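The residues making up each chain are set out below.
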Amino acid sequence: MIVTGELTLPAPRETVFRVLQNAPFFASCVEGVHDLKEIDATHYDAVLDTKVAYMKFSFKVSVEVTKLTPPERIEARIEGTPLGIVGRFTAVSTTDLIDAGSETLVKYSIDANITGKLGSMGQPVLKSKAKDMEQKFAEKMRAAFAGPLPESAPGAAS
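Every value quoted in this text rests on a predicted model; they were computed, and no experiment measured them. Per chain, the residues get numbers from 1 upward, laid out in the order the sequence is written. Local features in this predicted model are restricted to residues whose pLDDT is 70 or higher, and side-chain atom pairs enter the listing and the counts only when it is 80 or higher, whereas totals over whole chains, interfaces and linings include all residues. Side-chain numbers come from the whole structure's heavy atoms, not from hydrogens or water.

A. Representation of the overall build of the chain. Put simply, DSSP marks the helices as runs of H or I at least four residues long and the strands as runs of E at least two long, and each gets a number from the N terminus on. Regarding its fold elements, the chain presents four helices and seven strands. Going residue by residue from the N terminus, the α and β elements of the chain occur as β-α-α-β-β-β-β-β-β-α-α. At 16 Å, the chain has a C-alpha radius of gyration in line with the 15 Å of a compact globule built from 158 residues. Along the three orthogonal principal directions, the C-alpha set of the chain runs to about 45 × 30 × 25 Å. Summarising the internal contacts of the chain: among those between residues at least 6 apart in sequence, 51% fall at separations of at least 24. Here Asp and Glu are counted as negative and Lys and Arg as positive; His is not counted, and neither are the chain ends. By convention, the point assigned to a charge is CZ for Arg, NZ for Lys, CD for Glu and CG for Asp. The centroid of the 18 positive side-chain charges in the chain is displaced by 7 Å from the centroid of its 20 negative side-chain charges. As a reference, a globule follows 2.2 Å times the number of residues to the power 0.38, and the radius of gyration itself is taken over C-alpha atoms. By the convention used here, residues are in contact when the closest approach between their heavy atoms is within 4.5 Å.

Following this line, the structure appears as structure tokens:
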């Protein structure tokens, strides 16, 4: 399942890139993510709680930032295991930041694969949930950039 989208943020590209590297901030924009732990500068663990159709799921999620090309691209690999049921979630995320003067166009693509009980629910149900999560993420991101911006990630280029 591939989910793509874009949003425009009211900040220069370098600022958006710096802020997106702040893992606690980024995680706060993803509905259901909690217990974020930084393993090192490119590896993170967290828990993702979500409800799909009539079922609730919790995933133990590991994220690896696989490529950083300041200030234009961030790539990551995400792997998750649902707690309490058999299955697996894997995804590759690519985010491109395009300079638009005083704003930044953020284009993203997530290629996700889900197996097990959750994967058996079918693409239309999963695609609908992904679109809902995407919309909420974009709303939180826009709201965050409308106010005071969070600090950059430790060790991130400013």
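Picking up where we left off.
B. Examining unusual backbone geometry more closely. The residue after Pro70, namely Pro71, is reached through a cis peptide bond having omega -10°. Locating Pro71 in the fold gives a position in the loop between strand 4 (55–69) and strand 5 (73–82). Positive phi outside glycine occurs at Asp35, with the angle close to 55°. Mapped onto the fold, Asp35 is located in strand 2 (residues 33–40).

C. A look at the sheet that holds strand 4. Here, strands pair whenever DSSP counts at least two bridges between them. On the basis of which strands lie adjacent, the open sheet formed by seven strands has the order 1-7-6-5-4-3-2 and antiparallel pairing. Two strands lie at the open edges of the sheet, namely strand 1 (2–9) and strand 2, each paired on one side alone. On average, each strand axis in the sheet is inclined to that of its neighbour by 25°, with strand direction left out of account. Bridging between strand 6 (residues 87–100) and strand 7 (residues 103–115) involves 13 bridges; their strand directions are antiparallel. If you follow Asp99 over to strand 7, its bridge partner there is Thr104. Relative to the sheet, helix 1 (residues 13–20) contacts strand 1, strand 4, strand 5, strand 6 and strand 7, its axis offset from that of strand 6 by approximately 155°. Note on definitions: angles span 0 to 180 degrees between N-to-C directions of axes, and those axes are lines fitted to C-alpha atoms, for helices only across the stretch in contact. Contacts between helix 4 (residues 123–146) and the sheet are confined to strand 1, strand 3 (43–52) and strand 7, with strand 1 contributing the most and set at about 15° to the helix.

D. Broad picture of the pairing of strand 4. Here strand 3 pairs with strand 4 via 10 bridges, running antiparallel. Note on strand 4: the bridge partner recorded for Asp45 is Ser62. Connecting strand 3 to the antiparallel partner strand 4 that follows it, the hairpin turn spans two residues, and Ala53 within it adopts a positive phi of roughly 55°. By the bridge criterion, 10 bridges tie strand 4 to strand 5 in an arrangement that is antiparallel. Of the residues in strand 5, the one forming a bridge with Lys67 is Glu75. In textbook terms, the turn of a hairpin is the stretch between consecutive antiparallel strands, and for strand 4 and strand 5 this stretch comprises three residues.

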